[in-house]
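So you can see what is in the structure, the chains are spelled out below.
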Amino acid sequence: METGASPVRTVRKPVIVAIDGPSGTGKSSTSKAVASQLGLSYLDTGAQYRAMTWWMITNGVDVNDAGAVATAAGKPALVSGTDPANPTVTVDGADAAAPIRTQEVTSRVSAVSAVPEVRTVLTELQRSIAASAAEGIVVEGRDIGTTVLPDADLKIFLTASPEARAARRSGELKGKEAVDVSATQEALVKRDAADSTRKTSPLAKAGDAVEVDTTDLTLQQVIECVVTLVEEKRAAG
Ligand code: DC
């Protein structure tokens, strides 16, 4: 029979981490690694905007017709798997992992994500996924700290020079398609400009976000920096 005092179990409140920034700053690699190291869930909201765009294209919706996109926004059934070791996204039950990374989707996703009705549908979905993560979650995107989860425990805004971002994105594409670094940089800068200037929840740094310039950092250094910030928050709160 046990006689000693029962061990004290500390129940930790789920931690919500928002990671925003333009493309090519290492958001996805950092977010997945931080979530894995800390035992948290992971959500790639860009993949959801891409999945919505893929659905519009395959269902014959003209992505440049904002009214048509708005009317269709509630139709696709999007499901995101939040295991950082195997993040998934399905649309109407179909695996969207490969088709959402095509050039066709990449070139149209900014137009679809500028439509307020699309943002309303996906913001609601993102909030419900975050609320149901038992241990907490790392959510990456463009408007997570400003709009989706303004009460996040920690907000990070990743930046990097356009040259560094284009070089990284080109590295990711290598092997999949012919890569022209200057064309990649041009496309990336154009997409960021569209994402930053749209009316509804543009790409922006939240006032209380910690900005991390990743230009001269290795991925490992960025991951360590964010893990330390999360641990400090947890210790303080
Ligand atoms: O992170 P990504 O490159 O896969 O995102 C694809 C597009 O989705 C990006 O150009 C802008 C849009 N997006 C958005 O508007 N809001 C988010 N929270 C995430 C992505």
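Here is a short report on the structure shown in this document. Only a predicted model underlies this, so the values are computations on that prediction, with no experimental measurement involved.

Spatially, E2-E6-E1-E7-E8 is the arrangement adopted by the five strands of the open sheet, whose pairing is parallel. Each having just a single partner strand, strand E2 (41-44) and strand E8 (210-213) make up the two edges of the open sheet. Strand-to-strand twist across the sheet, computed as the mean angle between neighbouring axes with direction ignored, equals 20 degrees.

What follows is about the pattern of salt bridges. Taken as a whole, this structure holds six salt bridges when the rule is applied. Between Arg-119 and Asp-143 there is a salt bridge, with the nearest N and O atoms lying 3.0 Å from each other. Of this pair, Arg-119 sits in helix H5 (residues 116-131) while Asp-143 sits in the loop between strand E6 (136-141) and helix H6 (144-148), placing them 24 residues apart in sequence. Here Asp-143 falls in the buried class, since its relative accessible area comes to 1%.

With respect to topology, three strands assemble into an open sheet ordered E3-E4-E5, the strand pairing being antiparallel. Looking at strand neighbours, the two that pair on one side only are strand E3 (78-81) and strand E5 (94-95), the edges of this open sheet. As paired strands, E3 and strand E4 (residues 88-91) are joined by four bridges and run antiparallel to one another. Residue pairing in the sheet places Ser-80 in a bridge with Val-89 of E4. Sheet strands in contact with helix H2 (residues 45-58) are E3, E4 and E5, and its direction is about 25 degrees off that of E4.

Glancing now at the packing of H2 against helix H4 (residues 103-113). Two elements in contact, H2 and H4, have axes whose closest approach is 9 Å; the angle formed by their N-to-C orientations is 100 degrees. Compared by their axis directions, H2 and H4 come out roughly perpendicular. From H2, Tyr-49, Arg-50, Met-52, Thr-53, Trp-54 and Ile-57 reach across to H4, where they touch Glu-104, Val-105, Thr-106, Arg-108, Val-109, Val-112 and Ser-113. Of the residues belonging to the contact of H2 with H4, the class tally is seven nonpolar, three polar and three charged.

Below, the discussion takes up the site of the ligand. By nearness alone, 16 residues border the ligand, and Arg-50, Arg-119, Asp-143, Arg-191 and Asp-195 come closest of all. Take Arg-50: an N or O atom from its side chain is 2.7 Å from an oxygen atom of the ligand. At 2.9 Å from an oxygen atom of the ligand is found a side-chain nitrogen or oxygen belonging to Arg-198. Here the ligand, which alone exposes 450 Å², has 97% of that area covered by the protein. Every element with two or more residues in the shell around the ligand is listed here: H2, H4 and helix H8 (181-197). Of all the elements, H2 adds the most residues to the shell around the ligand, at four residues.

Here is what the cut-offs are and how they apply
- Residues numbered from 1 in each chain as written.
- Predicted model: local features only at pLDDT ≥ 70, side-chain atom pairs only at ≥ 80, totals over all residues.
- Heavy atoms only, no water.
- Pairing = 2+ DSSP bridges.
- Helix = DSSP H or I, 4+ residues; strand = E, 2+ residues; numbered from the N terminus.
- Axes fitted to C-alpha atoms, helices over the stretch in contact; angles between N-to-C directions.
- Salt bridge = Lys/Arg side-chain N within 4 Å of Asp/Glu carboxyl O.
- Buried < 20%, exposed > 50% of the residue type's maximum accessible area, 1.4 Å probe, protein only.
- Contact = heavy atoms within 4.5 Å.
- Parallel < 35°, antiparallel > 145°, perpendicular 65-115°, else oblique.
- Nonpolar A, V, L, I, M, F, W, Y, C, P; charged D, E, K, R; others polar.
- Near = heavy atom within 4 Å.
- Polar contact = N/O pair within 3.5 Å; in protein donor to acceptor, adjacent residues only side chain to side chain.
- Areas by Shrake-Rupley, 256 points an atom, 1.4 Å probe, with all protein chains shown as cover.

The analysis is restricted to geometry; functional conclusions fall outside its scope.
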